[in-house]
Amino acid sequence: MAAAGAVPALPRLCRQAWEPVLARARRAVVFLDAAAAEALHWAGGGAGALLAAGALAVRPLPADEGPAGAERAVFVLSGPLRDGAAAAVRAVLGAGGVRRCALLCGEAEGGGPGELEETLRRWMGEGGRAEVLPRGPPLLAPLSAELGLLPALAGLVPPPARPRPGGPAEPGLGALPAALRDAVRDLVAELDALFGAMGLREECFAVGALSRVLAAELAGFAPARNRRRAAANRASVVFVDRTLDLAGAVGHHGDNLAEKILSTLPKLPGHKTDVMVNMVELTALQTPDEACSIIAPGCLAQPNSPAAKALWESFMNLKQKEAVMETRRHLVEAASRENLPIKMSMGRVTPEQLSSYVQLFKNNFKALENHCGLLQLVLAVVQTLKHPQISKWDNFLAFERLLLQTIGESEMPSVLNQLLPMIKSYSERMQDDYTCEDFFVLLVYMYSVVGEIKNGEELDKAEEEVKKALVKAICDEPELSPLLQKITGCNSALNLTSQKATDAVDNIFKLLRDIARARMHMKQFNSVHNPGSNTNQASYKPLLKQVVEEICSADRPDCVDIEHMSSGLTDLLKTGFSMFMKVNRPHPGDHPLLIIFMVGGVTVSEVKMVKDLVATHKPGTQVDLVSRWLVNVFYSIPVEGFFN
């Protein structure tokens, strides 16, 4: 066994994944799928890194155009070469012209590098040369030093916790739908590649049904077993189902600037996480068009700007007020270095003040070039703080706190009856009133917090009244938002009928009941609601916080709901003997590295919460969070996926 060494930092691993591509980019056209492009955007600076390495052009997959006379092509796929990805690569090679190609892709079941190279040569035609690049770490998007996202698996959401009459309460891998089964296998292969690059010998733990499937598959994955025999760096990997606590995904508890920016500004085209920052303020262009599509938008990912990266980390780790003050400090320092005539003012930082500082850079092209990344982040702050949705944030937070108090004092029908008068049609709503999407968010929050609900005629009647009000409100919408289009199956309000809206709302309430029963089989983590007392208000206690506190507990109790997944005969014997003898079972707090994989997404506030908890309870432990995607608070990806 190799001697234990330092585990490579997450951002370094993310850049390492691109080294084989950069080494072969010279005089080639590089084709990337959307998830690979997003990973490169956060890890290495996007297309600029490939062009700097000598690439002739960078094109999307599926490709709008071919290699334009280039004889070399490099394909980067975030997953295996199959289905739509295979068809896209074949279309480019089949068009002719490419004589040499290289492919970086995920591991395909039953298809080794030799078979893939033969397939590529067949698609190119006689005389073509193909190379399948060695698989290193997966294509992760590093949002911070501790948080990595897997764009390729954005659709991996734990399914609803529905009872299975006549069968087991919880299916294994073979009983999952085909698409979910493929996603689980892809994730296991990606994690094995990641842990191989980190030199890890991991113990797998799980909280939740899909997490148990994932942890069991990784523990028993043959390449992973071989890797663990030679690895020396010990780690605990804890999988947690997002759907056990959707209140954390849609709630507004966090006082975090990064979370508000990601939730408020429009998404960068083709991306799931990064946002568009309007850069018109730094130009002489006068336009009433807020989107201003003729000016390229700015963004949050600035991997090549140390100052911008440091500021982004402060957005992730500080409270909003502190992060805004840090924004002003960075801006003042940048202006001072460029000898710009800045007038420093103390006291409260306002978006108008930040905007006036940004204006100093406007006509100084050298200063703009030197501090472009920093200015993009500052403008993101300005536009977020001025956004009308931000005023709603505090309204959401106040209403969620009221719900927590009401849920502790009343039954669910009473809570729904209090919600009913607030549901208004488009023609009746004022600017501060909640929209249909807002009510879906509040309902998910309510049902997730309250947990298993006592069924009865009173609950059915209260739900029916809320359903009718929502159907009326949806049918009154002049335009359907993307979420309403998704849940109704209609791309336009003209195609929406009352029956379609009714069916959609009925389906949502079935899913809400599933959300409420998600924790019903748990013993320790069966509640996220603290009812309070005569001296303390009712509060929300995140499931992830309970899990981390349990892991870090000095008493090291048996974690009933954190299940260890055996990776071989030794682990099985240890688990079995522990029932009869004084043998310590594997515990997630045993090792110096803790990796938490949130299956279904994580919020920035949750990342900070985990870091703070581990620093308090186990100061010597390094913690990394890997997620299939970052949760967007106002338009939550997990909730949207759950409604699918």
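Nothing here was measured: the structure is a model prediction, and the numbers come from that model.

## A word on the overall build of the protein
If you tally the helices and strands in the protein, you get 26 helices and 14 strands. The buried share among the 644 residues of the protein stands at 53%. Considering only intrachain contacts with a sequence separation of at least 6, the fraction spanning at least 24 residues in the protein is 77%. Here the protein has roughly 28,500 Å² of accessible surface; of this, 52% comes from carbon and sulfur atoms.

## With respect to the nonpolar core
Generally speaking, nonpolar side chains in soluble globular proteins are found buried as a group. Counting residues in hydrophobic clusters, the biggest one holds 121 residues, and the most contacted among them are F315 and Y447. Here the element with the most residues in this core is helix α19 (residues 436-450); it accounts for eleven residues. When neighbours within four sequence positions are excluded, Y447 is seen to be in contact with M412, L416, I453, E463, F509, L512, R513, I515 and A516.

## Concerning the pairing of strand β4 (residues 100-104)
Among the five residues in β4, four count as buried, and that is most of the element. Of the strand pairs in this sheet, strand β3 (residues 72-76) and β4 are connected by five bridges, and their pairing is parallel. Within β4, the residue paired with A73 across the bridge is C101. Chirality of the crossover, the property in question, places the unit of β3, helix α5 (residues 83-94) and β4 among those that are right-handed. Here β4 pairs with strand β5 (residues 129-132) via four bridges, running parallel.

## Here's the deal with the pattern of salt bridges
Close approach of charged atoms lets side chains of opposite charge pair. The final tally for this structure, using the stated rule, is 26 salt bridges. For R517, the salt bridge is made with D514, and the minimal N-O distance between the two is 2.7 Å. Sharing partners across several salt bridges, the network here consists of D192, E202, R227 and R228.

## Some thoughts on a positive patch on the surface
Taken together, the side chains of R26, R27, R100 and R129 make up a positively charged region of the molecular surface. Residue placement: R129 occurs in strand β5. A relative accessible area of 53% means that R129 is categorised as exposed.

## Description of the packing of α19 against helix α20 (residues 457-475)
Interhelical geometry of α19 versus α20 gives an angle of 155° and a closest axis separation of 10 Å. Here α19 lies roughly antiparallel to α20, going by the angle between them. α20 is crossed by α19, and the crossing has left-handed handedness. Contacts between α19 and α20 involve C436, F439, F440, L443 and Y447 from the first element and E463, L470, A473 and I474 from the second.

## As for the environment of P151
Tracing the chain through its elements places P151 in the loop between β7 (147-149) and α7 (178-198). In this structure the C-alpha to C-alpha distance between P151 and S78, which are 73 residues apart in sequence, comes to 8.1 Å.

## Remarks on the sheet that holds β3
Here we have five strands laid out as an open sheet, ordered β2-β1-β3-β4-β5, and parallel in their pairing. Edge positions in the open sheet fall to β2 (57-61) and β5, since each of these has one partner strand only. Along the sheet, successive strands turn relative to each other by an average axial angle of 20°, direction set aside. Against the sheet, helix α6 (residues 113-124) touches β4 and β5, its axis set at about 145° to β5.

## Topic: the state of the cysteines
Counting across every chain of the model gives zero disulfides. Summary of cysteine pairing: C490 is not part of a disulfide, and the nearest cysteine sulfur, belonging to C475, is at 9.4 Å.

## Here's the deal with helix α3 (residues 34-43)
Across the ten residues of α3, eight count as buried, placing the element largely inside the fold. Those residues of α3 that fall on the buried side of the exposure criterion are A35, A36, E38, A39, L40, H41, W42 and A43. The inward-facing, buried residues of α3 contact α1 (10-16), β1 (29-33), α4 (47-52), β3, β6 (141-142) and α12 (306-317). Just beyond α3, the residue with positive phi is G45, at close to 95°.

## Considerations on the confidence of the model for the protein
Looking at the protein as a whole, its pLDDT mean stands at 85, while 88% of the residues score no less than 70. Taken element by element, the protein is modelled with least confidence in helix α26 (residues 637-643), mean pLDDT 39, and with most confidence in helix α16 (residues 372-386), mean pLDDT 95.

## Notes on the pairing of strand β8 (residues 200-207)
Within β8, seven of the eight residues are buried, which leaves the element mostly enclosed by the surrounding structure. Here β8 pairs with strand β9 (residues 233-241) via eight bridges, running parallel. Its bridge partner lying in β9, F205 is registered against V238.

## Some points on unusual backbone geometry
With an omega of -5°, the peptide bond running from L61 to P62 counts as cis. In the Ramachandran plot, R27 falls in the positive-phi region, its phi being about 60° despite a non-glycine side chain. Locating R27 in the fold gives a position in the loop between α2 (19-23) and β1.

## A word on the packing of aromatic side chains
According to the stated counting rule, one finds nine aromatic pairs in the structure shown. With a centroid separation of 5.7 Å and an interplanar angle of 75°, the aromatic rings of Y434 and F439 are classed as edge-to-face. Of the two residues, Y434 and F439, neither departs from the other in class, the shared state being buried.

## Some remarks on helix α22 (residues 498-516)
The end-to-end C-alpha separation of α22 is 27 Å, in line with the 27 Å expected for 19 residues at 1.5 Å each. Where α22 is concerned, the buried positions are A501, A504, V505, I508, F509, L511, L512, R513, D514, I515 and A516.

## Examining the environment of F525
Checked against the element boundaries, F525 lands in the loop between α22 and β10 (529-530). Spatially, the C-alpha atom of F525 lies 6.6 Å from that of L543, the residues being 18 residues apart in sequence. In contact with F525, other than residues within four places in its own chain, are V207, R519, L543, Q546, V547, E550, D561 and I562.

## Considering the side chain of R59
Along the chain, R59 turns up in strand β2. Residue class for R59 comes out buried when judged on its relative accessible area of 14%. For R59, the residues in contact, after removing those within four places along its chain, are V29, V30, F31, L32, E65, G66, P67 and A68.

Basis of the calculations
Residues numbered from 1 in each chain as written. Predicted model: local features only at pLDDT ≥ 70, side-chain atom pairs only at ≥ 80, totals over all residues. Heavy atoms only, no water. Helix = DSSP H or I, 4+ residues; strand = E, 2+ residues; numbered from the N terminus. Buried < 20%, exposed > 50% of the residue type's maximum accessible area, 1.4 Å probe, protein only. Contact = heavy atoms within 4.5 Å. Areas by Shrake-Rupley, 256 points an atom, 1.4 Å probe, with all protein chains shown as cover. Core = buried A, V, L, I, M, F, W, Y, C linked by side-chain atoms within 4.5 Å. Pairing = 2+ DSSP bridges. Right-handed = clockwise from strand over helix to strand, strands pointing away. Salt bridge = Lys/Arg side-chain N within 4 Å of Asp/Glu carboxyl O. Patch = residues over 30% accessible without salt bridge, like charges linked within 9 Å, V, L, I, M, F, W, Y side chains within 5 Å. Lys, Arg positive; Asp, Glu negative; His and termini not counted. Charge placed at Lys NZ, Arg CZ, Asp CG, Glu CD. Axes fitted to C-alpha atoms, helices over the stretch in contact; angles between N-to-C directions. Parallel < 35°, antiparallel > 145°, perpendicular 65-115°, else oblique. Left-handed = near helix turned anticlockwise from the far one by under 90°. Disulfide = S-S within 2.5 Å. pLDDT = per-residue confidence, 0-100. Phe/Tyr/Trp six-rings, centres within 6.5 Å; stacked < 30°, edge-to-face > 60°. Expected span 1.5 Å × (residues − 1).

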